[in-house]
Amino acid sequence: MKNNWIDQITPRELLLNVYFSQSLFMIAALGLAFFFNVSFPWVLHDLDLSINEWLLAISTGLFLPFLSIQLKKRLPEESLDDGGINEKIFGSLSYIHIFFLTGIIAFAEEWLFRGVLQSLLGLFLTSIIFAVLHVRYIKKPVLFSIVCGLSFWLGMIYEMTDNIWVPFLAHFLIDFISGCWIAKQNKSNNNITDSENGSVGRDEE
């Protein structure tokens, strides 16, 4: 059955899976950086971003969630359906937990893909690897195109600024805003369902 495995896994199990995968990404980044002598990219004084770097990161971080919301309004639902994974991950989380989780995701993925692999393999190949690892999007042309474009653009702004905090901030904003939007939609849907159930209950009295 379609998405049967998603139905069988609990939100907690899926969330633990995300934390586990991000831990593997950080271990891989650390191992590859050590083996190939790639310098650690997270330098605190680089956090002093220029105005242009802040604008680049924030505009990227705002544009992708806005694009996703607009596409959901205009395209068939199945073209943007990831199998309900993101809804199951973020739907029941608090905004603080979403902040923490998306910070870890952005840190782990930017360290591995931009900070290590892009230094070793170059922008194009790293972008392809990043997109292919989002395997659930491969059969969804719109979603896969967005992931490919995002990966390439994050790699571009890393090369343009030579500062990993810029793609990190952009990546974090994209995931955090999207996660909060999913959580908000889920809460709204639950409130509507509760109201309808309450109305039905009163009608049956």
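By convention here, each chain's residues receive numbers from 1 onward along its written sequence. The model is predicted, so local features are restricted to residues of pLDDT at least 70 and side-chain atom pairs to those at 80 or more, both for listing and for counting; the totals for chains, interfaces and linings are taken over all residues. Computation of side-chain values: all heavy atoms of the structure, hydrogens and water removed.

Details of the pattern of salt bridges
Salt bridge, as used here, is a side-chain nitrogen of Lys or Arg placed within 4 Å of a carboxyl oxygen of Asp or Glu. Taken as a whole and assessed by the stated rule, the structure comprises one salt bridge. Between R114 and E110 there is a salt bridge, with the nearest N and O atoms lying 2.8 Å from each other. Note that R114 and E110 are positioned in helix α5 (residues 95-121) at a spacing of four residues, about one turn of the helix. Residue R114 shares its accessibility class with E110, and that shared class is buried. Helix numbering and strand numbering both begin at the N terminus, where a helix is a DSSP run of H or I of at least 4 residues and a strand a DSSP run of E of at least 2. Any residue under 20% of the maximum accessible area for its type is buried, any over 50% is exposed, and the rest in between are partly exposed; the area is computed with a 1.4 Å probe on protein chains only.

Some remarks on the layout of surface pockets
Here a cavity means grid points, on a 1 Å grid over the protein atoms only, where a 1.4 Å probe fits yet cannot get out; a pocket means an open set of points with protein on both sides within 12 Å along at least five of seven lines; lining residues are those with an atom within 4 Å of a point. Grid points are joined across faces, edges and corners, and a volume is the space filled by probe spheres set on the points. Reported here for the largest pocket is a volume of approximately 1400 Å³. Breaking the lining of the largest pocket down by element, the ones donating at least two residues are α2 (11-36), α3 (51-74), α4 (85-90), α5, α6 (123-133), α7 (141-161) and α8 (165-204). A total of seven residues in the lining of the largest pocket trace back to one element, the largest contributor, which is α8. Note that Gly is not counted as nonpolar here; it falls among the polar residues with everything else outside the nonpolar set of Ala, Val, Leu, Ile, Met, Phe, Trp, Tyr, Cys and Pro and the charged set of Asp, Glu, Lys and Arg. Among the residues forming the lining of the largest pocket, the class breakdown is 26 nonpolar, ten polar and eight charged.

What to know about the environment of Q118
With respect to the helices, strands and loops of the structure, Q118 is situated in helix α5. The buried category is assigned to Q118, whose relative accessible area is 7%. Taking the C-alpha atoms as reference points, Q118 and G155, 37 residues apart in sequence, are found 7.5 Å from one another. Excluding residues that lie within four positions of it along the chain, Q118 makes contacts with F113, L123, T126, G155, Y158 and E159. Contact criterion: two residues are considered in contact whenever any of their non-hydrogen atoms come within 4.5 Å of each other.

Comments concerning α6
Restricting attention to buried positions, one finds in α6 the residues L123, T126, S127, F130 and A131. The buried residues of α6 occupy one face: seen down the axis, they fall within an arc of 135 degrees. The directions from the helix axis to the C-beta atoms form the arc being described.

Some points on the nonpolar core
Nonpolar core, defined: a set of buried Ala, Val, Leu, Ile, Met, Phe, Trp, Tyr and Cys residues in which side-chain atoms within 4.5 Å join the residues together. Counting 36 residues, the largest nonpolar core has W42, L112, F113, I157 and V166 as the members making the most contacts within it. Looking at this core, the elements that each hand over two or more residues are α2, α3, α5, α6, α7 and α8. For I157, the contacting residues outside a window of four places in its chain are L56, D162, V166, P167 and A170. Formed by 14 residues, the second largest nonpolar core is a distinct cluster that contains I85, I89, L93 and I105.

Digging into a nonpolar patch on the surface
Patch membership requires more than 30% relative accessible area and the absence of a salt bridge. Residues of like charge join within 9 Å; the nonpolar side chains Val, Leu, Ile, Met, Phe, Trp and Tyr join within 5 Å. The Shrake-Rupley method, run with a 1.4 Å probe, gives the accessible areas here. Residue values count only the displayed protein chains as cover. Residues F35, F36, L120, L121, F124, L125, I128, V132, V135, I138 and F152 make up a contiguous nonpolar surface patch of about 1100 Å² in total accessible area. Among the secondary structure elements, those contributing two or more residues to the nonpolar patch are α2, α5 and α6. The biggest single contributor to the nonpolar patch is α6, with four residues.

Some words on the confidence of the model for the chain
Values of pLDDT, which run from 0 to 100, indicate the predictor's confidence residue by residue. Per-residue confidence for the chain gives a mean pLDDT of 88; residues scoring 70 or more make up 89%. For the chain, the element scoring lowest by mean pLDDT is helix α1 (residues 4-8), at 67; α5 scores highest, at 97.

Some points on the side chain of T102
Here T102 shows up in helix α5. On the accessibility criterion, T102 (0% relative accessible area) is buried. The contacts of T102, once residues within four sequence positions are left out, are F90, F172, D175 and F176.

Overview of the packing of aromatic side chains
Each pair of aromatic rings taken from Phe, Tyr and Trp, with Trp reduced to its six-membered ring, is defined by centres within 6.5 Å and is described as stacked if the planes are under 30 degrees apart, edge-to-face if over 60, and tilted in the remaining cases. Applying the stated criterion across every chain, the model contains 14 aromatic pairs. Considering the side-chain rings of F99 and F176, the 5.7 Å spacing of their centres and the 90 degrees angle between planes classify their relative orientation as edge-to-face. A residue pair is termed long-range when its members are at least 10 positions apart, and F99 in helix α5 and F176 in helix α8 qualify at 77 residues. Given a relative accessible area of 48%, F99 falls into the partly exposed group. Ring centres 5.5 Å apart and planes at 15 degrees place the aromatic pair F172 and F176 in the stacked group.

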